[in-house]
Each structure stands twice: as structure tokens, then as C-alpha cells.
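# Residue-level structure breakdown
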Amino acid sequence: MTVIRSLIFNAFFFGWTAVLFIVCLPLLAAPRHVLLRAGDLWIGGILGALRVVCGLSYEVRGLENLPDG
């Protein structure tokens, strides 16, 4: 079962990356905040696939220790 889930996730990962690369390539001429949103979209897709396909989640700890800015 682990091998099947890994193969499904890898297929999604490379497919998602290829599609977003092609779609977002013209955004290289856009302002930086637009590129950051495209990166957020890519990360959201990958984390969603990890949650759905692999059953993994993540937790951010220690945010209170980061300096402002």
C-alpha cells in the first residue's frame, strides 16, 4: 500500500509541478507578490496531496519565537 501511495503522490507531484511551470512561466515578468502567490498555490497543492494521498499533515511550532517582520 505504501508503494502505491508513493507512486500516486509522485505522479501528482511531477504533474502539478509541470502544469504550474507552464501556466506560471509568463508570470516571471510580473511583480514579486504575484510570483509569491503562484508559489503559495504550488505549495498548497503539494500539501493537499500529502494530506489526501499519503495521510500526512504538518504543524508549525515556535511562531511566537520569531522576531517581528
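Residues numbered from 1 in each chain as written. Predicted model: local features only at pLDDT ≥ 70, side-chain atom pairs only at ≥ 80, totals over all residues. Heavy atoms only, no water.

## Concerning the packing of aromatic side chains
With the rule as written, the count across this model stands at four aromatic pairs. Centroid distance Phe9 to Phe13: 6.1 Å. Interplanar angle 35°. Geometry classified as tilted. In this pair, Phe9 and Phe13 both sit in helix α1 (residues 2-24), four residues apart, roughly one turn of the helix. For Phe9, a relative accessible area of 13% corresponds to the buried category. Through a chain of ring-to-ring contacts, three or more aromatic side chains come together here, namely Phe9, Phe13, Phe14 and Trp42. (Phe/Tyr/Trp six-rings, centres within 6.5 Å; stacked < 30°, edge-to-face > 60°. Helix = DSSP H or I, 4+ residues; strand = E, 2+ residues; numbered from the N terminus. Buried < 20%, exposed > 50% of the residue type's maximum accessible area, 1.4 Å probe, protein only.)

## Quick notes on the environment of Thr17
Within the element layout of this structure, Thr17 appears in helix α1. Of the residues examined, Thr17 reaches a relative accessible area of 29% and is grouped as partly exposed. C-alpha separation for the pair Thr17 and Gly69, spaced 52 residues apart in sequence, amounts to 30 Å. Engagement of the side chain of Thr17 in a polar contact is seen with the side chain of Trp42, the distance being 3.0 Å. (Polar contact = N/O pair within 3.5 Å; in protein donor to acceptor, adjacent residues only side chain to side chain.)

## Description of the pattern of salt bridges
Summed over all chains, the structure comprises two salt bridges. Between Arg37 and Asp40 there is a salt bridge, and its shortest N-O distance comes to 3.9 Å. Of the two residues, Arg37 and Asp40 are both situated in helix α2 (residues 32-54); the distance of three residues between them amounts to about one turn of the helix. Given the relative accessible area of 44%, Asp40 is considered partly exposed. (Salt bridge = Lys/Arg side-chain N within 4 Å of Asp/Glu carboxyl O.)

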